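# Results of the structural survey
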Amino acid sequence: MFAFPLFGEETQTVRLTLPDAIARARTNSVDAEVALNQLKTAYWGYRSYRAELLPEVSFAATLPSYRKQYSSYMDAEGNYTFVPNNYLQMHGELSVTQNIWLTGGKVAVNTYLDFYRQLGTGAYSRYMSIPVAVTLTQPIFGVNNVKWDRRIEPVRYEEAKADFLTATEEVATSAIGHYFSLLMARENMAIARQNLEQAERLYEVAKEKREMGRISRNDLLQMELNLLNARTDLTDCESNLRSNEFQICTFLDLQSDTALEPEIPLDVPETEILYSDALEKALANNPFSKRMLRTQLEADYEVAKAKGAQREINLFAQLGYTGTDHRFNDAYRNLKDNQVVEVGIQIPLVDWGRRKGQVKVAESNRRLVESRVRQENQNFSQNLFILVERYGNQLQQLRTARRADEIAAQRYATNVETFLIGKISTLDLNDSRVKKDEARREYVNELYLFWLYYYQIRSLTLWDYEHDCGIDADFDKIVASTLLPVK
């Protein structure tokens, strides 16, 4: 579709259709790249959350720790002295840790090995092993962070995927704006060139008529003024066209000197869209509904955290076996029980209502979020209703503008011939030319509004009305490679 000139070749004119511009914008524009990076961020955040639900295997070691120093020592009589200490120590630990979804605690299976080597006079070695130990860490009465993450994070990722699809449709909407700006600049250029040709022709005819005394000098001056204005308009239109070409080339990641020739998208999808159906699809697919759900869940989470912070009880328990000896093999024989149980309690006796106030603040914020959600739901439904109504009226507006453009062009062509035989004045001719130009611009503008409303509805409902299917994408493939067109 796109032809790129080689170095030293002349710039070629590339024919560009609206579907081509939308497809390239979805893959090459900076806006599409931003949407892709946002999706990747959300994807890896979701992957990190999923990883926290799986067992984690870790290894920690100190290999080695050497000390040669003096340490304080108190004898039986309470006198302090400093004694030399020269030793080598190594520690290794292998653990498998799993978060407990239902309770929010953590269970781990560990194995340890410590080696101690006393150096210097009377050197000796010592091993201590814990072949297996099961450790439980469990908060009581506190908030279950794992449970809340399981409720919030999937909704957050679904919201991110819907945001990506919406962003691709918004990229298409931006492409439509650039495309029709270029198309309007092309049409203005064509109108200005046609008006200049007509002005030159009519001015020559007017000079001949003036010599024959068939028109007044005022009419001749008016025709000359029309010619000068037409030349000025053409110069302005050329500058505006180059500016719009540069903007769309930058947006579509094309060479800045590429000459584009846009085509008028005559075939429009004459699809009837009902508000009730559009609202149902928007509430099911649009990231707005998922964002509102996530906001409510996060507000509930804050209330749960504030209530859990009113009192804190933590349970730590470890059961296992341990063995010690001067030799490595013997450290794993004649094992003894190794048990640790700790219950930590932190209950504020007098905090002057600080924690209770935090709960009240969280509950007030939740009610505020609920009110905002209702308000935003109303605004969303209202904006969608207005958009669907505008789209429904726009098809008729487009048909009317197309017919008006045809009539104005025919009327102007007839008036030019009538002026040549002296049946109408220059004022009537100028009026028909202005009406012709306005009708052409109005037709292009109505065509732009139709495509704009259509893609805005697509971005809100994430539904392809032309093919009657949902807008979706292979997110894993997109994240793993580069941005792909959305189906």
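Presented here is an overview of the structure given in this document. (Residues numbered from 1 in each chain as written. Predicted model: local features only at pLDDT ≥ 70, side-chain atom pairs only at ≥ 80, totals over all residues. Heavy atoms only, no water.)

## Here's the deal with the nonpolar core
Core analysis: the biggest nonpolar cluster contains 74 residues, and Phe180, Leu252, Leu260 and Trp451 have the highest contact counts within it. Elements that contribute at least two residues to this core include exactly β1 (13-16), α1 (18-28), α3 (145-211), α4 (217-251), α5 (275-285), α6 (287-308), α7 (354-420) and α8 (426-461). Top contributing element to this core by residue count: α3, with 18 residues. (Core = buried A, V, L, I, M, F, W, Y, C linked by side-chain atoms within 4.5 Å. Buried < 20%, exposed > 50% of the residue type's maximum accessible area, 1.4 Å probe, protein only. Helix = DSSP H or I, 4+ residues; strand = E, 2+ residues; numbered from the N terminus.)

## Regarding unusual backbone geometry
Here the residue pair Leu63 and Pro64 is connected by a cis peptide bond, since its omega of -15° sits within 30 degrees of zero. Relative to the assigned elements, Pro64 resides in strand β2 (residues 56-74). Positive phi, close to 60°, is recorded for Asp253, a residue that is not glycine. Within the fold, Asp253 resides in the loop between α4 and β6 (259-262). With phi around 50°, Leu462 is a residue other than glycine that occupies positive phi space. By secondary structure assignment, the location of Leu462 is in the loop between α8 and β9 (463-464). What makes Leu462 buried here is its relative accessible area of 3%.

## Details of the environment of Phe328
Among the structural elements, Phe328 can be located in the loop between β7 (312-325) and β8 (336-346). Sequence separation between Phe328 and Leu36 is 292 residues; the distance between their C-alpha atoms is 55 Å. Ignoring sequence-local partners within four residues, the contact set of Phe328 consists of Leu113 and Tyr127. (Contact = heavy atoms within 4.5 Å.)

## What to know about a nonpolar patch on the surface
Together, Val57, Phe59, Leu94, Val96, Val109, Val132, Val134, Tyr321 and Leu335 give the surface a local cluster of nonpolar side chains, amounting to about 770 Å² of exposed area. For the nonpolar patch, the elements supplying multiple residues, two or more each, are β2, β3 (80-99) and β5 (124-140). Within the secondary structure, Val134 sits in strand β5. (Patch = residues over 30% accessible without salt bridge, like charges linked within 9 Å, V, L, I, M, F, W, Y side chains within 5 Å. Areas by Shrake-Rupley, 256 points an atom, 1.4 Å probe, with all protein chains shown as cover. Salt bridge = Lys/Arg side-chain N within 4 Å of Asp/Glu carboxyl O.)

## Remarks on the packing of α5 against α6
Where α5 contacts α6, the axes come no closer than 5 Å and their chain directions differ by 50°. Viewed along their axes, α5 and α6 adopt a mutual orientation that is oblique. Across the interface between the two elements, Ala282, Leu283, Ala284 and Asn285 from α5 touch Pro287, Ser289 and Lys290 from α6. Split by residue class, the contact of α5 with α6 holds 4 nonpolar, 2 polar and 1 charged. (Axes fitted to C-alpha atoms, helices over the stretch in contact; angles between N-to-C directions. Parallel < 35°, antiparallel > 145°, perpendicular 65-115°, else oblique. Nonpolar A, V, L, I, M, F, W, Y, C, P; charged D, E, K, R; others polar.)

## Quick word on α7
Between its first and last C-alpha, α7 extends 92 Å over 67 residues, near the 99 Å set by a 1.5 Å rise per residue. Of all the bends in α7, the greatest, near 30°, is centred on Gln394. In the stretch just after α7, Gly422 is the one whose phi turns positive, near 80°. (Expected span 1.5 Å × (residues − 1). Bend = angle between axes of the 7 residues up to and from the residue.)

## Remarks on the side chain of Thr166
If you trace the backbone, Thr166 turns up in helix α3. When neighbours within four sequence positions are excluded, Thr166 is seen to be in contact with Pro287, Ser459 and Leu462.

## A few points about the packing of aromatic side chains
Scanning the model with the defined rule gives 19 aromatic pairs in all. With 5.2 Å between their ring centres and 85° between their planes, Tyr275 and Phe385 make a pair best called edge-to-face. Placement of Tyr275 in helix α5 and of Phe385 in helix α7 is noted, with a sequence separation of 110 residues between them. An aromatic cluster is defined as three or more aromatic residues linked by ring pairs; in this entry it consists of Tyr43, Trp44, Tyr46, Tyr49 and Tyr157. Over the ring of Trp463 we find Lys281, and its NZ or CZ is 4.6 Å from the ring centre. For the cation-ring pair, Lys305 lies above Tyr301, with the distance from its terminal atom to the ring centre recorded as 4.8 Å. (Phe/Tyr/Trp six-rings, centres within 6.5 Å; stacked < 30°, edge-to-face > 60°. Lys NZ or Arg CZ within 6 Å of the ring centre and 35° of its normal.)

## Overview of the pattern of salt bridges
Inspection of every chain in the model, using the stated rule, returns 27 salt bridges. With a shortest N-O distance of 2.7 Å, Arg26 and Glu169 are connected by a salt bridge. With Arg26 in helix α1 and Glu169 in helix α3, the pair connects residues that are 143 residues apart, well separated along the chain. Judged by relative accessible area, Arg26 falls into the buried class, the value being 10%. Assessed through its relative accessible area of 1%, Glu169 is described here as buried. Its salt-bridge partner being Arg440, residue Asp405 comes within 2.7 Å of it at the nearest N-O pair. Note that Asp405 is positioned in helix α7 and Arg440 in helix α8, a separation of 35 residues in sequence. We classify Asp405 as buried; its relative accessible area is 11%.

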